[in-house]
Amino acid sequence: QVQLIGSGGGLVQAGGSLRLSCAASGRTFSGYAMGWFRQAPGKEREFVAGISLTGANTYYGDSVKGRFTISRDNAQTTLYLQMNSLKPEDTAVYYCAAFYSTAWNARNVASWGQGTQVTVSS
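Residues numbered from 1 in each chain as written. Predicted model: local features only at pLDDT ≥ 70, side-chain atom pairs only at ≥ 80, totals over all residues. Heavy atoms only, no water.

Chemist: Even after reading the chapter, I still don't get the packing of aromatic side chains, so can you show me in this structure?
Modeler: A ring pair, where both rings are aromatic, is described by two values, the distance of the centres and the angle of the planes. Tallied over the full model, the rule gives 7 aromatic pairs. Between Phe37 and Phe99, the aromatic rings sit 5.8 Å apart at their centres with planes inclined by 25 degrees, giving stacked as the arrangement. You can see Phe37 sitting in strand 4 (residues 33-39) and its partner Phe99 sitting in strand 9 (residues 92-99), a full 62 residues away along the chain. Residue classification places Phe37 among the buried residues on the basis of a relative accessible area of 5%. Under the relative-accessibility criterion, Phe99 is labelled buried at 0%. By the ring-pair criterion, three or more aromatic residues cluster together here, those being Phe37, Phe47, Tyr59, Tyr95, Phe99, Trp104 and Trp112. For Arg45, the ring lying beneath its charged end belongs to Tyr95, and the centroid distance is 4.1 Å. (Phe/Tyr/Trp six-rings, centres within 6.5 Å; stacked < 30°, edge-to-face > 60°. Helix = DSSP H or I, 4+ residues; strand = E, 2+ residues; numbered from the N terminus. Buried < 20%, exposed > 50% of the residue type's maximum accessible area, 1.4 Å probe, protein only. Lys NZ or Arg CZ within 6 Å of the ring centre and 35° of its normal.)

The structure is reproduced here in structure tokens:
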């Protein structure tokens, strides 16, 4: 199973940017579709973005389309999430995940990262 370590969270003002990273080790990173979820206090975990094995296809939740960009570097076994035009409602713990396929739901997750906090102030 692949092991995932997320990083890059922090405190940013509304309108700012952050880039999250997720370093993978263990089983072959390129054999997994990858993605990000987030969970805000008192809310359910929400799918944010996903990317296919080669990076050729990307998928986004409606709330982040046009602002966030997911990418991956299979040579460096790292997943990224570039977050621009951040809003206070983007405040959440962000989790990277390895998926068995491109079905972007929590039941299809093979491995979770530990979560990184993103806080957007107004």
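Chemist: Is there a simple way to think about the state of the cysteines in this case?
Modeler: Between two cysteines, a covalent bond joining their sulfur atoms is known as a disulfide. Scanning the entire structure with this criterion turns up 1 disulfide. The residue that forms a disulfide with Cys22 is Cys96, at a sulfur-sulfur distance of 2.2 Å. Here Cys22 and Cys96 share a disulfide; its torsion about the S-S bond, 60 degrees, makes the bridge right-handed. Note that Cys22 is positioned in strand 3 (residues 18-26) and Cys96 in strand 9, a separation of 74 residues in sequence. (Disulfide = S-S within 2.5 Å.)

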